[in-house]
Amino acid sequence: MRRLSAHFIFLGDGRILEKGVITCDDQGTIINIEDNKGQLREAANIEFYNGILMPGMVNAHCHLELSDTKGAIPRNTTLPGFIRHIINLERDSLSTRDAKARVADRVMFDAGISVIGDISNGIESFEVKRNSKILYHTFVEALGMDEQRASASFESVKMVYNEAIKKGLNASIVPHAPYSVSRLLMSKIDLFDKNSIISIHNQESASENQLFLSGDGNMAVHLSDNIGLNMKEFTPLNQTSIHYHGSLISDTHPLLLIHNTDMNSADIDFIVDKHGMKNLALVLCPKSNLYIENNLPDINMFMEKNMLLALGTDSLASNDTLSLVEEMKIIQNNFPNITLNSLIEMATINGAMALQQDETYGSIEVGKRPGIVHLKSVDLKNIRLTENSSSVRII
């Protein structure tokens, strides 16, 4: 049994205790929470941490299988350019990829990440995830704009999904993005398991919206030149891209919209009307957005509309860390009105809710086993992150 205290304990659900005490059993399950109203009595068996204690974090969008690609793609390529680089990347050997994925997994665990929503295009990261101390939900990603090949594409991705299930992983089949999945393939994904969690890269760039609005722009050029699609056969919607998949994915699915960099108020209203608020989350990956497009989503607008906001790191192809604290710093620096409490909720309970793991993870509550994280080098007077803030797992 361990008893832990700090200057502040952020419970993850909005509550903050000053010099409270958390008691955990030997398995990490929380068995008691004491609110001392800022008056901590000395006790020999209390571990006191300088800074903040918080629940284990949830990385709601990651690509563990790309852990060998750090620094391989230049910054500010825009999304079409980034995709072109990904397609043409010379990858490390399978053994090196596996070793780097294991290192990335360990770094994330030690920094306090307890749950990850992770994209997989193949089986190579499955063994790492199966043996990890982190709980993964694997999103097996489908791609294919050719309607004639939709059945073959789906059977191929289903084989990867079946391997994930054989490994004992939580998994679901998901579309990659609106510009990379045909209507028939999207329908097959939707019908495969009507209650599965679905994630999709959403409105990551202005060129994605332009493709669906008018059928032209940099994304259209990419699909023609790099993928070989006949764009003369593409019929634009005269609407933003979210109207494509938003109309094809049933509201029975918990839905994670990833990135949302070029999502506006009308887009939010559309998807809320179509899907409802209960099973809808927006996952923000700000460092990746800056890396690729040098742009950030309108997070203030999302918060004004009371959207469930979670955080992700994306991959090392578009980031130099897999740290949620670094993602929180970017948001704080660009949206200074957003409180640390709100940022911690995004990094913990909101992600757990999005991945349907909030019964065990995401907040410090009796009976839960979320992991406990020490948030260090915090400005305790103003309750703000500093340039040197970092996280380390305590439990």
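Residues numbered from 1 in each chain as written. Predicted model: local features only at pLDDT ≥ 70, side-chain atom pairs only at ≥ 80, totals over all residues. Heavy atoms only, no water.

**Q** Lay out helix α1 (residues 78-88) in plain terms, naming residues and giving numbers.
**A** Listed as buried for α1 are L79, P80, G81, F82 and I83. For α1, the elements touching its buried residues are α6 (206-214), α7 (218-225) and α10 (286-292). (Buried < 20%, exposed > 50% of the residue type's maximum accessible area, 1.4 Å probe, protein only. Helix = DSSP H or I, 4+ residues; strand = E, 2+ residues; numbered from the N terminus. Contact = heavy atoms within 4.5 Å.)

**Q** With reference to specific residues and values, describe the sheet that holds strand β12 (residues 280-284).
**A** Spatially, β10-β11-β12-β13 is the arrangement adopted by the four strands of the open sheet, whose pairing is parallel. In the strand order of this sheet, the two ends are held by β10 (198-202) and β13 (309-311), each with one partner. Each neighbouring strand pair of the sheet contributes to a mean axis angle of 30°, computed without reference to strand direction. Pairing between β10 and strand β11 (residues 255-259): five bridges, direction parallel. Pairing of H201 across the sheet is with I258, part of β11. (Pairing = 2+ DSSP bridges. Axes fitted to C-alpha atoms, helices over the stretch in contact; angles between N-to-C directions.)

**Q** Can you lay out the side chain of D68 for me, pointing to particular residues and giving the numbers?
**A** Here D68 is to be found in the loop between β6 (57-62) and α1. Among the residues examined, D68 registers a relative accessible area of 11% and is labelled buried. Within the structure, the side chain of D68 is placed 2.7 Å from the side chain of R91, a separation counted as a polar contact. (Polar contact = N/O pair within 3.5 Å; in protein donor to acceptor, adjacent residues only side chain to side chain.)

**Q** So what's going on with the packing of α6 against α7? Which residues, and what values?
**A** Across the interface, α6 lies against α7 with an axial gap of 7 Å and an inter-helix angle of 80°. When the interaxial angle is binned, α6 and α7 end up roughly perpendicular. Two secondary-structure elements touch here, α6 through S207, E208 and L211 and α7 through N218, M219, A220 and L223. Across the contact of α6 with α7, the residue classes break down as four nonpolar, two polar and one charged. (Parallel < 35°, antiparallel > 145°, perpendicular 65-115°, else oblique. Nonpolar A, V, L, I, M, F, W, Y, C, P; charged D, E, K, R; others polar.)

**Q** Account for the pairing of strand β5 (residues 46-55), naming residues and giving values.
**A** The element β5 is extensively covered by neighbouring structure, given that seven of its 10 residues are classed as buried. Here six bridges tie strand β1 (residues 2-10) to β5, and the two strands are oriented parallel to one another. Its bridge partner being in β5, L4 is matched across the sheet by E47. Sheet analysis places β5 next to strand β14 (residues 372-379), joined by four bridges and oriented antiparallel. From the neighbouring strand, I52 faces β14, where its bridge partner is L375.

**Q** Residues and numbers for the sheet that holds strand β7 (residues 113-120), please.
**A** Spatially, β6-β7-β8-β9 is the arrangement adopted by the four strands of the open sheet, whose pairing is parallel. What marks the edges here is a single partner per strand, and that holds for β6 and β9 (170-175). Averaged over all adjacent pairs, the angle separating strand axes in this sheet is 20°, with direction ignored. Taken together, the four bridges between β6 and β7 define a ladder with parallel strand orientation. Across the sheet, the residue bridging to V58 is V115, located in β7. Against the sheet, helix α2 (residues 94-110) contacts β6, β7 and β8 (135-142), and its axis sits at roughly 145° relative to β7. Relative to β9, helix α4 (residues 150-166) is tilted by about 160°, and along the sheet it contacts β8 and β9.

**Q** Mind laying out the environment of L135, listing which residues take part and the relevant values?
**A** Note on placement: L135 falls in strand β8. With a relative accessible area of 24%, L135 lands in the partly exposed category. Considering only alpha carbons, one finds L135 and L169, 34 residues apart in sequence, at a separation of 8.7 Å. Beyond its immediate stretch of four places on either side in the chain, L135 contacts S114, V115, I116, N170, Q357 and Y361.

**Q** Go over the nonpolar core, please, and point to the residues and values.
**A** With 107 residues, the main nonpolar core has M108, Y179, L211, L257, F302 and I331 as its most contacted residues. It is α4 that provides the largest number of residues to this core, a total of six residues. (Core = buried A, V, L, I, M, F, W, Y, C linked by side-chain atoms within 4.5 Å.)

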